Amino acid sequence: MLERARGISGELVLQERDGTLEIVADGTFLMDTLDGRSERLLVDATLDAVAGQGKRVLIGGLGVGFSLLQALGRPDVAAVEVVELEPAVVAWHEGPLRRVTGGALEDPRVRVVVADLADRLRELAGAGPEASLVDALCLDTDNGPDWLVRPANGVLWSADGLALAHGLVAPYGAVGVWSAAPSPEFERRLRAAFGSVQAHEVPVVRGAPDVVWVVRP
């Protein structure tokens, strides 16, 4: 165990296992640094659905930083806002997780907001369209719509949450959603909110594949 903190989601632990860093919340595995293919796919597939340069990206969830790093590595990205619930996770990127992100939080294109993601999306919606619209909204929060570590995150995957996401994305933009498993019911909600849905599956070593859905307004 490298770090332990009392967080909003309960006890948070950062631990290392055979060279891989893992984040655990209240005894439930959240993420690790072993792979990250699906997190990188989330960013690339969402941004590839958006034409042009100078893209503004909002990432819901910092985690171990794979999504942020992927966004910063693209020449078409001008600004990234990362919304992270847990202050301890942000602090760990100045400690043990710096070996992964290498100071990416200090990039001048990056803004980190410590907040509940649903609250932040509502705040942006209230700021008016010129201040709030983003080109790409990448939701990498909790374990996706079904297997929730924090039940309050369920609002993000509800019809109201999807309507909020829809309203924050520019007319030519895209929304990407990461999940630790397929969810036919959630995919139906996505189709109801956005219409066309593109689904990508990423096999994992054990269990159901990770899934990334990309939708456009």
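Our structure is the block above this text.
Small disclaimer: the values here were computed from a predicted structure and weren't measured.

Peer 1: So what exactly am I meant to see when it comes to the sheet that holds strand β8 (residues 134-139) here?
Peer 2: Sheets are built from strands paired through backbone hydrogen bonds, the pairs being either parallel or antiparallel. One open sheet accounts for seven strands, arranged β7-β6-β5-β8-β9-β11-β10; its pairing is mixed. On the outer flanks of this sheet lie β7 (110-114) and β10 (197-202), each paired with one strand and no other. In this sheet, neighbouring strand axes are inclined to one another by 15° on average, regardless of whether the strands run parallel or antiparallel. Here six bridges tie β10 to strand β11 (residues 210-215), and the two strands are oriented antiparallel to one another. Bridge pairing in β11 links Val202 to Asp210. Relative to strand β9 (residues 169-179), helix α7 (residues 159-168) is tilted by about 140°, and along the sheet it contacts β8 and β9.

Peer 1: Whenever I open this one, the sheet that holds strand β4 (residues 28-32) confuses me. Can you help?
Peer 2: Overall, antiparallel pairing links the four strands, which are arranged β1-β2-β3-β4 in an open sheet. Of all the strands in the sheet, the pair left with one neighbour each is β1 (3-7) and β4. Mean inter-strand twist for the sheet, computed between neighbouring axes without regard to direction, equals 25°. Where strand β2 (residues 10-17) lies against strand β3 (residues 20-25), six bridges are found, and the strand directions are antiparallel. Across the sheet, Arg17 pairs through a bridge with Thr20, a residue of β3.

Reading the values: the criteria
- For every chain, the first residue of its written sequence is number 1, and the numbers climb from 1 along that sequence.
- pLDDT decides what is reported in this predicted model: residues at 70 or higher carry local features, side-chain atom pairs at 80 or more are listed and counted, and totals for whole chains, interfaces and linings draw on all residues regardless.
- Note: side-chain values were computed over all heavy atoms of the structure, leaving out hydrogens and water.
- The pairing criterion for strands is at least two bridges between them, as found by DSSP.
- Starting at the N terminus, helices and strands are each numbered in turn, a helix being any DSSP run of H or I of at least four residues and a strand any DSSP run of E of at least two.
- Only the contacting stretch of a helix is used when fitting its axis, a line to C-alpha atoms as for every element, and angles between N-to-C directions run 0 to 180 degrees.
- What makes two residues a contact is simply this: any of their non-hydrogen atoms within 4.5 Å.

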